[in-house]
Structure formats: C-alpha cells, structure tokens
Amino acid sequence: MGTKIHKLMLSDEPRNSAYHEAIFNNKTSIEGKVVLDVGAGTGILSVFCAKAGAKTVYAVEASETYKLAADIVKENQMENIIQVIHSRIEDLTSAQIPGKVDIIVSEWMGFYLLHEGMLDSVIIARDRFLKPNGLIFPEAATIYATPCSIPSIYKYWENVHGVRMESFSRLLREEAYKKPLTEKIPPECLISEPEVATWIDLREVTSDDLNEIKLRHVAVSNKVGTYEGICLWFTCTFPFPRGPSNTEPVSLSTEPDEPETHWKQTLIVLPNSMNVEVGSPICYDLTIKRSTDSNRRYNIELIMLDPEEVQHPEFCRCFMTKCILVNAMLEKYERGEGDGAE
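Quick caveat, the model's predicted, so the values are computed rather than measured.

**Student:** Kindly report on the sheet that holds strand β14 (residues 298–305), identifying the contributing residues and their values.
**Tutor:** The sheet built from three strands is open, its strands ordered β9-β13-β14 with antiparallel pairing. A strand with exactly one partner marks an edge of an open sheet, and here the two such strands are β9 (212–220) and β14. Neighbour-to-neighbour, the strand axes of the sheet open up by a mean angle of 15 degrees, direction not taken into account. Here β9 pairs with strand β13 (residues 281–290) via nine bridges, running antiparallel. Counted as the bridge partner of Arg216 is Asp285 from β13.

**Student:** Provide a residue-level description of unusual backbone geometry, including the pertinent values.
**Tutor:** Following Phe137, the chain continues into Pro138 via a peptide bond in cis, with omega recorded as -10 degrees. Within the element layout of this structure, Pro138 appears in the loop between β5 (130–137) and β6 (140–148). In this structure, Glu116 is a non-glycine residue whose phi angle is positive, near 60 degrees. Looking at Glu116, the relative accessible area reads 33%, which means it is partly exposed. Its identity as a non-glycine residue notwithstanding, Phe315 has a phi of 65 degrees, on the positive side. Secondary-structure assignment places Phe315 in the loop between β14 and α8 (321–334). In this structure Phe315 comes out as partly exposed when scored by relative accessible area, which is 31%.

**Student:** Tell me about the nonpolar core, and name the residues and values.
**Tutor:** In terms of nonpolar packing, the biggest core is built from 77 residues, with Leu36, Leu113 and Leu114 touching the most fellow members. In this structure Leu36 touches Tyr58, Val60, Ile97, Val101, Ile103, Ile104, Val105, Ala125 and Phe129, once residues within four positions along its chain are discounted.

**Student:** Go over the pattern of salt bridges with me, naming the residues and quoting the values.
**Tutor:** For the structure shown, the criterion picks out 16 salt bridges. Among the ionic pairs, Arg297 bridges to Glu116, the shortest N-O distance being 3.0 Å. One end of the pair, Arg297, is in the loop between β13 and β14; the other, Glu116, is in the loop between β4 (101–105) and α6 (119–129), and 181 residues separate them in sequence. Given the relative accessible area of 41%, Arg297 is considered partly exposed. Salt-bridge contacts for Glu212 lead to Lys214; the nearest nitrogen and oxygen are separated by 4.0 Å. Relative accessible area serves as the criterion here: at 36%, Glu212 is assigned to the partly exposed category. With relative accessibility at 59%, the residue Lys214 sits in the exposed group.

**Student:** Quick one: what's the story with helix α4 (residues 44–51), residue by residue and with numbers?
**Tutor:** With six of eight residues buried, α4 lies mostly within the body of the structure. Taken as a whole, α4 has its buried residues at Leu45, Ser46, Val47, Phe48, Cys49 and Ala50. Buried-residue contacts for α4 involve α2 (13–25), α3 (27–30), β1 (34–38), β2 (56–61), β3 (82–86) and β4. Looking at the residues trailing α4, positive phi occurs at Gly53, about 110 degrees.

**Student:** I'd like a description of the sheet that holds β5, backed by residues and values.
**Tutor:** If you walk across this open sheet you meet the five strands as β3-β2-β1-β4-β5, and the pairing is parallel. Edge strands, defined here as strands with exactly one partner in the open sheet, are β3 and β5. Neighbour-to-neighbour, the strand axes of this sheet turn through a mean angle of 25 degrees, independent of strand direction. Inspection of the sheet shows β1 paired to β2 by five bridges, in the parallel sense. Looking at the pairing, Leu36 lines up with Tyr58 of β2. Contacting β2 and β3, helix α5 (residues 66–75) runs over the sheet at an angle of about 170 degrees to β3. Strands β1, β4 and β5 of the sheet are contacted by α6, whose axis makes an angle of about 150 degrees with β5.

What counts and how
- Residues numbered from 1 in each chain as written.
- Predicted model: local features only at pLDDT ≥ 70, side-chain atom pairs only at ≥ 80, totals over all residues.
- Heavy atoms only, no water.
- Pairing = 2+ DSSP bridges.
- Helix = DSSP H or I, 4+ residues; strand = E, 2+ residues; numbered from the N terminus.
- Axes fitted to C-alpha atoms, helices over the stretch in contact; angles between N-to-C directions.
- Buried < 20%, exposed > 50% of the residue type's maximum accessible area, 1.4 Å probe, protein only.
- Core = buried A, V, L, I, M, F, W, Y, C linked by side-chain atoms within 4.5 Å.
- Contact = heavy atoms within 4.5 Å.
- Salt bridge = Lys/Arg side-chain N within 4 Å of Asp/Glu carboxyl O.

In structure tokens form, the structure reads like this:
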C-alpha cells in the first residue's frame with residue numbers, strides 16, 4: 001500500500017477524529033492495558049493508544065509500511081510502549097505476542113464496509129489473542145441501502161453547455177455495471193428511507209457469517225424523483241465508555257448527510273432511469289457475496305422486483321391499493337372498531 005492511499009486515510013478527518021475520540025473517551029479502560037493494533041499501517045492508532053496510557057501496544061503490519069510505522073513510533077518517542085511487528089495476523093506466534101491482549105484496535109473497513117477490508121484478520125486476532133470481555137475498536141458495524149438518483153451518470157449529461165451527451169452517459173453506465181461507483185452523493189438524491197442490509201457484532205461474528213449478505217427491500221419513495229440506483233454506506237460504533245461517564249459511544253458514519261470520508265458511498269447503477277412519485281414502491285433483492293477468487297473481495301448483485309409480486313411489510317406506506325386497504329384495516333382494529341369491539 002503506497003504513500004498515496006495512506007495520505008488519503010490520514011487526511012480523512014472524520015475517520016481520525018472518530019478513532020481519537022473513541023480511544024480517549026475510553027482512557028480509563030486503556031490505561032495500563034495491552035493493545036493489539038491489527039493492520040497498523042502508519043501506526044497512528046497505536047500512538048493514540050500509547051498516548052491514552054496503554055502499557056504495551058503491538059502494532060502488527062504485514063506490508064512494507066511497517067518501516068514507516070517504526071519511524072513514526074520513534075519520532076513520537078514511543079519505542080518503550082509500541083512494538084512494531086512485521087507480520088500477517090495469521091502468522092503471529094505466541095513468542096511475538098505472549099499471553100492475551102486487553103484491547104484490539106483496527107481500521108479494517110473497505111468500500112461499503114467489506115470490499116478489500118480485513119475483517120477476517122480482526123476475527124482471527126480476536127479468537128487467538130483477545131481476553132474474554134476484551135474491547136474491540138470499533139465493536140459493531142452496519143451496512144445501509146436505499147434507492148437513489150445518480151446525477152453524475154444521468155442528469156448531468158442531458159445538457160453539457162447546451163450539448164446532449166446521452167451516448168456518453170450510456171458508456172458510463174456500462175462501465176458502472178461491471179464495477180460499482182464510489183463517490184459522494186448529495187443527501188437530497190436519496191429517494192427513500194434507508195434499510196439495514198446487515199449489522200455486524202465484532203465480538204461474535206464469524207468469517208462464515210460474512211460469506212453472503214442478502215436483503216429483500218420494499219422501499220417507498222418519499223419524494224418525486226428518479227430511481228437510478230442503490231446507494232450503500234456504513235457506520236461503525238465504538239465501545240461504550242466504562243466507568244462514571246455521561247459520554248455517548250462514538251460512531252463513525254459514511255452516510256451522505258455526514259462529512260465526507262475517503263470511503264464516500266457505493267452506488268449500484270441501474271440500466272435505465274425510472275420516474276417515481278411519493279409513495280411509489282421500489283422492490284429489489286440485494287446480495288453481497290464473497291468472491292471465490294479472493295476472501296477480501298465481494299460481488300454485488302441487484303435484482304429489480306415487480307412490486308405486484310412481492311409481499312409488502314406490515315404497515316407498508318406505498319400507494320398500492322392492497323397496502324392502503326391493509327393499513328386502513330389495521331388502523332381500524334387499533335381504534336377498537338373491528339369485529340366484536342364494544
């Protein structure tokens with residue numbers, strides 16, 4: 001991993017702030033403890049932990065970046081606390097990390113959370129090295145999905161200084177079918193409330209749990225607009241500060257409403273734009289499946305479904321007659337006006 005990507009990550013203020021705040025909010029849990037930094041990179045998280053009072057920090061980095069991490073540790077005069085280890089987590093021995101650690105910290109997230117991420121390495125580190133009830137930073141993550149419009153693929157190309165560029169727009173969409181877009185999307189482009197695609201508890205999740213994630217969503221448009229794709233993003237939650245404190249757990253969010261991160265959002269582009277009204281049902285199956293070629297890569301499949309053929313959730317607020325009738329009946333019974341009510 002070259003200096004370019006590390007510069008991008010180290011310039012990501014929401015990312016850095018979330019880890020810094022989460023670590024120092026948990027200062028009382030870190031003081032005097034042993035920390036394992038999985039995929040330490042430049043070592044910034046290890047330095048945070050050392051500054052928060054950790055007794056020992058094992059900064060494990062498999063790439064040649066470990067040399068830079070060692071320089072940064074020395075630069076910050078933390079050699080007596082931080083030990084930089086050049087190794088994959090899978091290859092670590094008990095001689096390198098004797099005993100169990102109290103805390104694992106890692107910035108393992110990839111685009112839409114899982115792509116090119118290293119969550120499997122964190123799971124291995126947890127199972128092999130973390131004490132029972134030890135802390136993991138972050139400790140949970142959620143992937144969200146919602147229909148959206150994508151101006152950069154559609155609307156912008158309708159008029160480029162008076163010139164229609166639909167032919168070029170079509171080429172962009174053909175490329176996007178092969179690989180989802182990674183870009184910042186304006187929050188006003190979301191056309192429905194988000195749905196949780198999956199929630200991951202890092203204290204319990206297994207590698208097998210990550211092989212395939214499936215979501216069937218009956219979204220309901222909350223505005224007049226165009227349905228042009230599905231937007232994915234994630235949030236990560238850090239441990240709740242222990243001890244007497246009113247501090248809330250820190251959350252790192254990549255949703256469109258939040259300040260931009262280097263992860264941005266992931267956009268799955270539809271072949272054609274569809275006009276929607278307030279109350280329009282938008283039904284789809286979303287599958288995120290681990291690639292057979294690499295454990296760190298995933299394939300995303302989106303299948304558009306006919307709203308007439310899909311079972312809608314209870315209290316669905318779409319404008320289809322069947323949902324309007326069901327809601328009216330449910331509301332009637334809630335008011336005690338059903339059969340047999342006094």
